[in-house]
Amino acid sequence: EKPKVTKVSPGVEDGPGSKTAKLDSSETTMVKKRLGFCQLKEALEVDWSTEKAKAALRRTAPDYFLLH
C-alpha cells in the first residue's frame, strides 16, 4: 500500500511548491509489483571474464559469492 497522491490543479497557486504533488495520508492505493528471478543453475554458471559481467561485479552482493 502507498499513500494516495493528489494532484494540484493548475489554476490553484499557494506558494513556491504549488506544482508538487501532495500526499493524502488518510487514503491509500494498492500497488502490484512482480519480480522475476533466474534459476539458481543459471546464476551459478555466469562467466565472470566477459566485459558485461565485470561491470556487474560491482553491483553484485557479496552473499552471491558466499553461496557459490
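Basis of the calculations
Every residue gets a number counted from 1 within its own chain, in the order that chain's sequence is written. Per-residue local features are limited, in this predicted model, to residues with pLDDT of at least 70; the limit for side-chain atom pairs, both in listing and counting, is 80 or more; totals at the level of whole chains, interfaces and linings are taken over all residues. Excluded from the side-chain calculation are hydrogens and water; included are all heavy atoms of the structure. Elements are defined by DSSP. Helices are runs of H or I of four residues or more, strands are runs of E of two residues or more, and each kind is numbered from the N terminus. A 1.4 Å probe rolled over the protein chains alone gives each residue an accessible area, and that area as a share of the maximum for its type sets the label: buried under 20%, exposed over 50%, partly exposed in between. We call two residues in contact whenever any of their non-hydrogen atoms come within 4.5 Å of each other. Exposure was quantified through the Shrake-Rupley algorithm and a 1.4 Å probe, taking into account, for residues, occlusion by the shown protein chains and nothing else. What pLDDT conveys is the predictor's confidence in a given residue, as a value from 0 to 100. In this analysis, rings of Phe, Tyr and Trp, with Trp reduced to its six-membered ring, are considered paired at centre separations within 6.5 Å, and the interplanar angle assigns stacked below 30 degrees, edge-to-face beyond 60, and tilted for intermediate values.

Per an unreviewed UniProt entry, the protein is named SAE1 enzyme, and its organism is Piaya cayana.

S.K.: Quick rundown of the overall build of the protein? Include the residues and the values.
M.R.: Of regular secondary structure, the protein possesses three helices and two strands. Listing every helix and strand of the protein by position from the N terminus yields β-β-α-α-α. In the protein, which comprises 68 residues, the share counted as buried stands at 6%. Within the protein, residue pairs in contact and separated by at least 24 positions form 30% of the contacts whose partners lie at least 6 positions apart. Looking at the protein as shown, the accessible area adds up to about 6700 Å², and 57% of this sits on carbon and sulfur atoms.

S.K.: Describe the confidence of the model for the protein, listing the residues and the values that go with them.
M.R.: For the protein, the mean per-residue pLDDT works out to 75, and 69% of the residues sit at or above 70. Averaged pLDDT values for the elements of the protein fall to 68 in strand S2 (residues 22–29) and rise to 86 in helix H1 (residues 40–44).

S.K.: So, the packing of aromatic side chains: which residues are in play, and what are the values?
M.R.: According to the stated counting rule, one finds one aromatic pair in the structure shown. When the ring of Trp48 is compared with that of Phe65, the centres are 5.5 Å apart and the planes differ by 50°; the resulting orientation is tilted. With a gap of 17 residues between them, Trp48 in the loop between H1 and helix H2 (51–57) and Phe65 in helix H3 (residues 62–67) connect regions that are remote in the sequence. Exposure remark for Phe65: the relative accessible area of 37% places this residue in the partly exposed category.

S.K.: Kindly report on the environment of His68, identifying the contributing residues and their values.
M.R.: Looking at the secondary structure, you find His68 in the segment after H3. Exposure remark for His68: the relative accessible area of 56% places this residue in the exposed category.

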